[in-house]
Amino acid sequence: MAKIFAPSELIINEDGSCFHLHLRPEYLADKVILVGDPARVNTVAAHFDSIEFEVQSREFHTITGSYKGKRITCQSHGIGCDNIDIVMTELDSLANINYNTRTENDQHRTLTCVRIGTCGGLQPYTPVGTFVASVKSIGFDGLLNYYGRRNEVCDTQMEEAFKQHMDWDPIKGSPYVAVADQQLIQQIAQDDMVRGYTISCGGFYGPQGREIRIPLADPHQNEKVESFVYDGMNVCNFEMESSALAGLAALLGHRAMTCCMVIANRYAQEMNTAYKNTIDTLIKKVLDRI
């Protein structure tokens, strides 16, 4: 007997749209570009040849349109892995659940999701302006640990190596290592993006080693992160969403990856606050390659 998703679990609005995103199934394209800033959806959509649909609710702004013959949805998700939990779950429900019967569709629909974001570089070879493709993402947020089968989509050996290297305090919860879709990495990153590991943090300040008025639990966290090497690859950057995106997408049967532009280099203590003027280059690359 097919599982029926109860109204309290899968919340559908009166107009037939999903609860947070306010999207109906027919407005979702197979190719999805994810951005944090709701205003950046307009930046992406400015390249579209035509716009089919637009809706905004809180930090969730969506435009579906056409770019060089490709139907694309651009979706903002706000800041943090908790928001990715909402966005990926609801996008998947639109693709793979019949909203009329509240049952799973017989045929699985696979989405291709590329997140375009900003990040802090952690290596001398990732200066401000570098494009980084996240091959694997180390989640400090713990979100994927709430889902069954998480080990099936995570690099558990790398998790153990990282915890040992960091002398990880279990009070923080267990970090997880989510693996991006490798074919999608090849398709999007090509030869002009740095490939590396990414850490997704549960906050912008303390979790990323910024000390303002509260002392850090581990003042040497960033030094240890920068020196971590696994399979010949370093941690290149900090951001706040890629681990949840890669992990949830893999569990749900979708293709996903994150590529970010470095706007601050923690190693060199550089910052570019005018990054919004230059991230359009990365947007155009992704639009052409997705």
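Rules behind the numbers
Residues numbered from 1 in each chain as written. Predicted model: local features only at pLDDT ≥ 70, side-chain atom pairs only at ≥ 80, totals over all residues. Heavy atoms only, no water. Buried < 20%, exposed > 50% of the residue type's maximum accessible area, 1.4 Å probe, protein only. Helix = DSSP H or I, 4+ residues; strand = E, 2+ residues; numbered from the N terminus. Arc of directions from axis to C-beta. Contact = heavy atoms within 4.5 Å. Polar contact = N/O pair within 3.5 Å; in protein donor to acceptor, adjacent residues only side chain to side chain. Pairing = 2+ DSSP bridges. Core = buried A, V, L, I, M, F, W, Y, C linked by side-chain atoms within 4.5 Å. Axes fitted to C-alpha atoms, helices over the stretch in contact; angles between N-to-C directions. Parallel < 35°, antiparallel > 145°, perpendicular 65-115°, else oblique. Left-handed = near helix turned anticlockwise from the far one by under 90°. Nonpolar A, V, L, I, M, F, W, Y, C, P; charged D, E, K, R; others polar.

1. Topic: helix 4 (residues 182-189)
Then, in step 1: The complete set of buried residues in helix 4 reads Leu-184, Ile-185, Ile-188 and Ala-189. The arc enclosing the buried residues of helix 4, seen along the axis, measures out at 110 degrees, which places them on a common side. For helix 4, the exposed residues lying more than 90 degrees away from the buried face are Gln-183 and Gln-186.
Then, in step 2: Residues of helix 4 that are buried sit in contact with strand 7 (112-121), strand 8 (131-139), strand 10 (194-200), strand 13 (255-265) and helix 7 (280-289).
Then, in step 3: In this structure Asp-181 caps helix 4, since a side-chain oxygen of it lies 3.3 Å from the backbone nitrogen of Gln-183.
Then, in step 4: A positive phi of about 45 degrees marks Gln-190, the residue just after helix 4.

2. Remarks on the pairing of strand 12 (residues 233-239)
Then, in step 1: With 6 of 7 residues buried, strand 12 lies mostly within the body of the structure.
Then, in step 2: Taken together, the 4 bridges between strand 10 and strand 12 define a ladder with parallel strand orientation. Counterpart to Ser-200 in the pairing with strand 12 is Glu-239.
Then, in step 3: As paired elements, strand 11 (residues 229-230) and strand 12 share 2 bridges and run antiparallel to each other. In the sheet register, Tyr-230 faces strand 12, and the bridge partner there is Met-233.
Then, in step 4: Turn length for the strand 11-strand 12 hairpin, with the two strands adjacent in sequence and antiparallel, is 2 residues, and the turn residue Asp-231 shows positive phi of about 55 degrees.

3. As for helix 1 (residues 38-45)
Then, in step 1: Three or more residues of helix 1 are buried, namely Arg-40, Val-41, Val-44 and Ala-45. The buried side chains of helix 1 occupy one side of the element, clustering within an arc of 145 degrees when seen end-on.
Then, in step 2: Here helix 1 starts with a cap whose side-chain oxygen sits 3.0 Å from the backbone nitrogen of Ala-39, and that cap is Asp-37.

4. Some remarks on the environment of Leu-143
Then, in step 1: Its location among the elements puts Leu-143 in the loop between strand 8 and helix 3 (156-166).
Then, in step 2: Sequence separation between Leu-143 and Cys-81 is 62 residues, and the spatial gap between their C-alpha atoms is 7.1 Å.
Then, in step 3: Sequence-distant contacts of Leu-143, that is, excluding residues within four places in its chain, are made with Cys-81, Asp-82, Asp-85, Tyr-176, Ala-244 and Leu-248.

5. Quick notes on the nonpolar core
Then, in step 1: Grouped together as the largest cluster of nonpolar side chains are 36 residues, with contacts concentrated most on Leu-23, Leu-91 and Tyr-176.
Then, in step 2: Taken together, the elements giving at least two residues each to this core come down to strand 1 (31-35), strand 2 (50-57), helix 2 (81-96), strand 9 (176-179) and helix 6 (242-252).
Then, in step 3: Top contributing element to this core by residue count: helix 2, with 7 residues.
Then, in step 4: Once you skip the residues sitting within four places of it in the chain, Leu-23 turns out to touch Gly-16, Ser-17, Cys-18, Phe-53, Val-55, Thr-62, Gln-75, Leu-91 and Leu-94.

6. As for the packing of helix 1 against helix 7
Then, in step 1: Axis separation between helix 1 and helix 7 bottoms out at 10 Å; the angle between their running directions is 60 degrees. One way to sum up the angle between helix 1 and helix 7 is to call them oblique. Helix 7 is crossed by helix 1, and the crossing has right-handed handedness. Seen from helix 1, the contacting residues are Arg-40, Thr-43 and Val-44; seen from helix 7, they are Asp-280, Ile-283 and Leu-287.
Then, in step 2: Residues that form the contact of helix 1 with helix 7 fall into these classes: 3 nonpolar, 1 polar and 2 charged.

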